[in-house]
Amino acid sequence: ATLTLIAIVTVLTLNWWPHNLPADTIAWEQAETGAGQQQAILLIDSSRVQLNGKSTLNYPNAFTGSTREVKLSGEAYFDIALDKQHPFIIHTGEVTTLVVGTSFNIKSDSDAVTVSVTEGTVKVIFNKDTVMLHPGDEVQYNNKTKHVTQGKANLEYVLAWLSGALILTDETLGSVAEKLHQQYGYTSIFDNPDIKKCRITAKFKNMPFEAIVEAIGFSTQTSVAIRNKQIEWRGLGCKPTNTTSTK
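Report on the accompanying structure. (Residues numbered from 1 in each chain as written. Predicted model: local features only at pLDDT ≥ 70, side-chain atom pairs only at ≥ 80, totals over all residues. Heavy atoms only, no water.)

Some thoughts on the nonpolar core
So, step 1. One finds Leu57, Val70, Phe78, Phe88 and Phe104 to be the most contacted residues of the largest nonpolar core, which totals 29 residues.
So, step 2. Ignoring any residue separated from it by four or fewer positions in sequence, one finds phenylalanine 88 in contact with Leu43, Asp45, Ser47, Phe63, Arg68, Val70, Phe78, Ile80, Thr97, Leu98 and Val99.
So, step 3. In terms of nonpolar packing, the next biggest core, distinct from the first, is built from 19 residues, Tyr186, Ala202, Ala215 and Ile216 among them. (Core = buried A, V, L, I, M, F, W, Y, C linked by side-chain atoms within 4.5 Å. Buried < 20%, exposed > 50% of the residue type's maximum accessible area, 1.4 Å probe, protein only. Contact = heavy atoms within 4.5 Å.)

A short note on helix 3 (residues 173-184)
So, step 1. End to end, helix 3 covers 15 Å across twelve residues, agreeing with the expected 16 Å (1.5 Å per residue, within 8%).
So, step 2. The buried fraction of helix 3 is high, at nine of twelve residues.
So, step 3. Turning to helix 3, its buried residues are Leu173, Gly174, Val176, Ala177, Lys179, Leu180, Gln182, Gln183 and Tyr184.
So, step 4. Downstream of helix 3 by a residue or two, glycine 185 has a phi angle that is positive, lying close to 85 degrees. (Helix = DSSP H or I, 4+ residues; strand = E, 2+ residues; numbered from the N terminus. Expected span 1.5 Å × (residues − 1).)

What to know about unusual backbone geometry
So, step 1. The phi dihedral of lysine 54 is positive, around 55 degrees, even though this residue is not glycine.
So, step 2. Relative to the helices and strands, lysine 54 is located in the loop between strand 3 (48-51) and strand 4 (56-60).
So, step 3. A positive phi angle, close to 65 degrees, is found at lysine 146, a residue other than glycine.
So, step 4. Topologically, lysine 146 is positioned in the loop between strand 13 (137-142) and strand 14 (148-152).
So, step 5. Judged by relative accessible area, lysine 146 falls into the partly exposed class, the value being 39%.

Describing the side chain of threonine 220
So, step 1. Within the secondary structure, threonine 220 is located in the loop between helix 4 (209-219) and strand 18 (223-227).
So, step 2. One polar contact links threonine 220 to threonine 222, side chain to side chain, over a distance of 3.0 Å.
So, step 3. The residues contacting threonine 220, other than those within four sequence positions of it, are Leu173, Cys198, Arg199, Ile200, Gly237 and Cys238. (Polar contact = N/O pair within 3.5 Å; in protein donor to acceptor, adjacent residues only side chain to side chain.)

Some details on the side chain of serine 47
So, step 1. Note on placement: serine 47 falls in the loop between strand 2 (39-42) and strand 3.
So, step 2. Of the residues examined, serine 47 reaches a relative accessible area of 0% and is grouped as buried.
So, step 3. Only 2.9 Å separates the side chain of serine 47 from the side chain of aspartate 45, close enough to count as a polar contact.
So, step 4. In this structure, serine 47 is in contact with Ile41, Leu42, Arg68, Asp79, Ile80, Ala81 and Phe88, ignoring residues within four places of it in sequence.

Here's the deal with the layout of surface pockets
So, step 1. Taken as a whole, the largest pocket encloses approximately 1,100 Å³ of empty space.
So, step 2. If you trace the largest pocket, you find 38 residues lining it, with Lys107, Asp109, Tyr157, Ser175 and Lys179 closest to the centre.
So, step 3. Tallying contributions element by element places helix 3 first for the lining of the largest pocket, with seven residues.
So, step 4. Grouping the amino acids of the lining of the largest pocket by side-chain chemistry returns ten nonpolar, 18 polar and ten charged. (1 Å grid on protein atoms, 1.4 Å probe; cavity = no way out; pocket = protein on both sides within 12 Å on 5 of 7 lines; lining within 4 Å. Points joined across faces, edges and corners; volume = space filled by probe spheres on them. Nonpolar A, V, L, I, M, F, W, Y, C, P; charged D, E, K, R; others polar.)

Considerations on the packing of aromatic side chains
So, step 1. One pass over the structure, following the stated rule, counts seven aromatic pairs.
So, step 2. Considering the side-chain rings of phenylalanine 126 and tyrosine 141, the 5.2 Å spacing of their centres and the 20 degrees angle between planes classify their relative orientation as stacked. Linking phenylalanine 126 in strand 11 (residues 122-126) with tyrosine 141 in strand 13, this pair joins segments that are 15 residues apart in sequence. Taken individually, phenylalanine 126 and tyrosine 141 each receive the classification buried, so the pair is uniform in this respect.
So, step 3. Taken together, a centroid distance of 4.9 Å and an interplanar angle of 50 degrees make the contact between tyrosine 184 and phenylalanine 209 tilted. Taken together, the residues span a long stretch of sequence, with tyrosine 184 in helix 3 and phenylalanine 209 in helix 4 at a distance of 25 residues. There is no split in this pair, since tyrosine 184 and phenylalanine 209 are both buried. (Phe/Tyr/Trp six-rings, centres within 6.5 Å; stacked < 30°, edge-to-face > 60°.)

Here we look at the packing of helix 3 against helix 4
So, step 1. In contact at an axis separation of 13 Å, helix 3 and helix 4 are set at 180 degrees when each is read in the N-to-C sense. By the criterion of interaxial angle, the relationship of helix 3 to helix 4 is roughly antiparallel. In this structure, helix 3 uses Leu173, Val176, Leu180 and Tyr184 to contact helix 4, whose residues at the interface are Phe209, Ile212 and Ile216. (Axes fitted to C-alpha atoms, helices over the stretch in contact; angles between N-to-C directions. Parallel < 35°, antiparallel > 145°, perpendicular 65-115°, else oblique.)

All we've got here are geometric facts, nothing functional implied.
In structure tokens:
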């Protein structure tokens, strides 16, 4: 997925809008990715969506009415075609994201929904509250506490998955294991639950998966073994947080 906003003039946009399309001809389609997979989706309005691993996008085969609406579970990067007459709306649990033409990332899981903007203006609605985001802004909605946190996004960190990079910022090994599963499709087992509490800050770009796992193991004082899409982590625990940077 490109980070460049796709500009489509209004005249061209009107060509794809299906006026008076019979309701029985509208069908919802579903794109779903497994662990370690990504999928590029081109919508009928020329908007582009890059779906991360373990994610689902539900969308109609044609947009009708006054809006363009889809449903997301998981993580995706959106590059929305400009059409001021028909706002684009993404439903993610209790969070609704509304735009007319912009680029942004949405990540949702059982804990929170996070919206990070790279270009344009994005309106995010949480129940009755509304937040306006601009390039570089980010907002997170906690699904459990209903608390909203707004600030600046670390876009290098947020968008690392698009280029296959892995960036970790003071994260527990338990959290890292979840990322490795989503991005590469490998599950993890720990012979000692305390290993999950080890913390690491690291940056990996253009590296083989095995080398990434070995570097994480070295930084967290754990031994690792990779067998049949599974990572085995062994160790006693960790010293203070280690930092690794590999390009």
